[in-house]
Amino acid sequence: MTDTANHLVPEQGKFRRALAAVFAWLQAMDYTSFDYTLDRIERLEREVGQLKEELRQSRDTGPVDAHNGSAAGLEH
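Quantities reported herein were computed from a predicted structural model and do not represent experimental measurements. (Residues numbered from 1 in each chain as written. Predicted model: local features only at pLDDT ≥ 70, side-chain atom pairs only at ≥ 80, totals over all residues. Heavy atoms only, no water.)

**Structural notes on the overall build of the protein chain**
Turning to step 1, where the next piece is worked out: Helix and strand counts for the protein chain come out as two helices and zero strands.
Turning to step 2, where the next piece is worked out: The buried share among the 76 residues of the protein chain stands at 4%.
Turning to step 3, where the next piece is worked out: About 7100 Å² of surface is accessible on the protein chain, with carbon and sulfur atoms providing 60% of the total. (Helix = DSSP H or I, 4+ residues; strand = E, 2+ residues; numbered from the N terminus. Buried < 20%, exposed > 50% of the residue type's maximum accessible area, 1.4 Å probe, protein only. Areas by Shrake-Rupley, 256 points an atom, 1.4 Å probe, with all protein chains shown as cover.)

What follows is the structure, encoded as structure tokens:
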């Protein structure tokens with residue numbers, strides 16, 4: 001029995017590696033151009049949000065016009 005158990009272990013390892021490779025390939029194939037586009041849009045939206053926040057902060061720290069309380073030269 002020990003011989004049989006030891007003999008199957010390498011075969012199971014090869015089979016598991018083959019299944020893992022097939023599974024990884026299938027996962028890679030699941031990532032379509034549509035998925036790429038959505039990921040890219042998400043990254044761009046995040047970057048726009050960061051730029052808006054930086055702009056808001058730069059307006060908040062800019063010189064304040066004492067007359068109307070807004071940033072100098074930046075009328076809304």
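Continuing now.
**Comments concerning the pattern of salt bridges**
Turning to step 1, where the next piece is worked out: All chains considered together, the criterion is met by three salt bridges.
Turning to step 2, where the next piece is worked out: Notably, a salt bridge pairs Arg56 with Asp60, separated by 2.5 Å at the nearest N-O pair. Of this pair, Arg56 and Asp60 both sit in helix H2 (residues 33-61), separated by four residues, roughly a single helical turn.
Turning to step 3, where the next piece is worked out: Look at Arg56 and you get partly exposed, because its relative accessible area is 40%.
Turning to step 4, where the next piece is worked out: One connected set of salt bridges, linked through shared partners, spans Glu53, Arg56 and Asp60. (Salt bridge = Lys/Arg side-chain N within 4 Å of Asp/Glu carboxyl O.)

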